[in-house]
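Residues per chain are reported as follows:
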Amino acid sequence: MTQELWSAVMGNNPSVHQDGDSLPVDNVDLVECMEFIHRLDSISGHNFYIPTYPQWLYTGYLGKQFPSDSHAPDVAWHRDNAGNVTHSVKQKAPNSLGVYDMLGNVAEWTISGSDPLFIVAGGSYESEKDRCNDKFREFDHCNVKTSSIGLRLVLNPDGSKK
């Protein structure tokens, strides 16, 4: 999810790293992400959502992103190769489904958890490379904002809300 799209929908850019529109949005809490999706749905006429943790895992496994290649330099931005900053999206190889940036760069909110704690998955540019995988996840409060957490959008193709 890029800063360009967030800014177009929300009218602001909350990201800590603001060196380009193609960088992933960061420093957003889950409450803001849900507001973003509500506005995007209204503007676009489509229905987007944030994946559950099982959906996030399924996309990684079905796309053969985990576990053998999760540490490869061509898959994830992590502490050893990111230079302590986020990088433009789609700079690393996609998985076999064509999904980019499942691991590293920014960790991603999921809507799995128990309010107010939700699962954040995938690791980030700040993570050790062995934490940019399917097994490492954190539980964060829905109001947490950091430069290492962003979001992934999923388009519901049949138009119904999930």
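### A few points about the pattern of salt bridges
Following the criterion strictly, the structure yields 5 salt bridges and no others. We note a salt bridge from Arg 39 to Glu 35, for which the minimum N-O separation is 2.9 Å. Residue Arg 39 and its partner Glu 35 are located together in helix α2 (residues 30–44), separated by 4 residues, close to a single helical turn. On the accessibility criterion, Arg 39 (33% relative accessible area) is partly exposed. Taking relative accessible area as the criterion, Glu 35 reaches 32% and is therefore assigned partly exposed. Asp 134 is paired through a salt bridge with Lys 135; the nearest N and O atoms lie 3.5 Å apart. The exposure class assigned to Asp 134 is buried, which follows from its relative accessible area of 5%. Given the relative accessible area of 59%, Lys 135 is considered exposed.

### Concerning the layout of surface pockets
The volume enclosed by the largest pocket comes to roughly 290 Å³. As for the largest pocket, its lining consists of 13 residues, and the residues nearest its centre are Met 1, Val 89, Tyr 100, Asp 101 and Arg 152. Counted by class, the lining of the largest pocket contains 6 nonpolar, 3 polar and 4 charged residues.

So, how was this worked out
- Residues numbered from 1 in each chain as written.
- Predicted model: local features only at pLDDT ≥ 70, side-chain atom pairs only at ≥ 80, totals over all residues.
- Heavy atoms only, no water.
- Salt bridge = Lys/Arg side-chain N within 4 Å of Asp/Glu carboxyl O.
- Helix = DSSP H or I, 4+ residues; strand = E, 2+ residues; numbered from the N terminus.
- Buried < 20%, exposed > 50% of the residue type's maximum accessible area, 1.4 Å probe, protein only.
- 1 Å grid on protein atoms, 1.4 Å probe; cavity = no way out; pocket = protein on both sides within 12 Å on 5 of 7 lines; lining within 4 Å.
- Points joined across faces, edges and corners; volume = space filled by probe spheres on them.
- Nonpolar A, V, L, I, M, F, W, Y, C, P; charged D, E, K, R; others polar.

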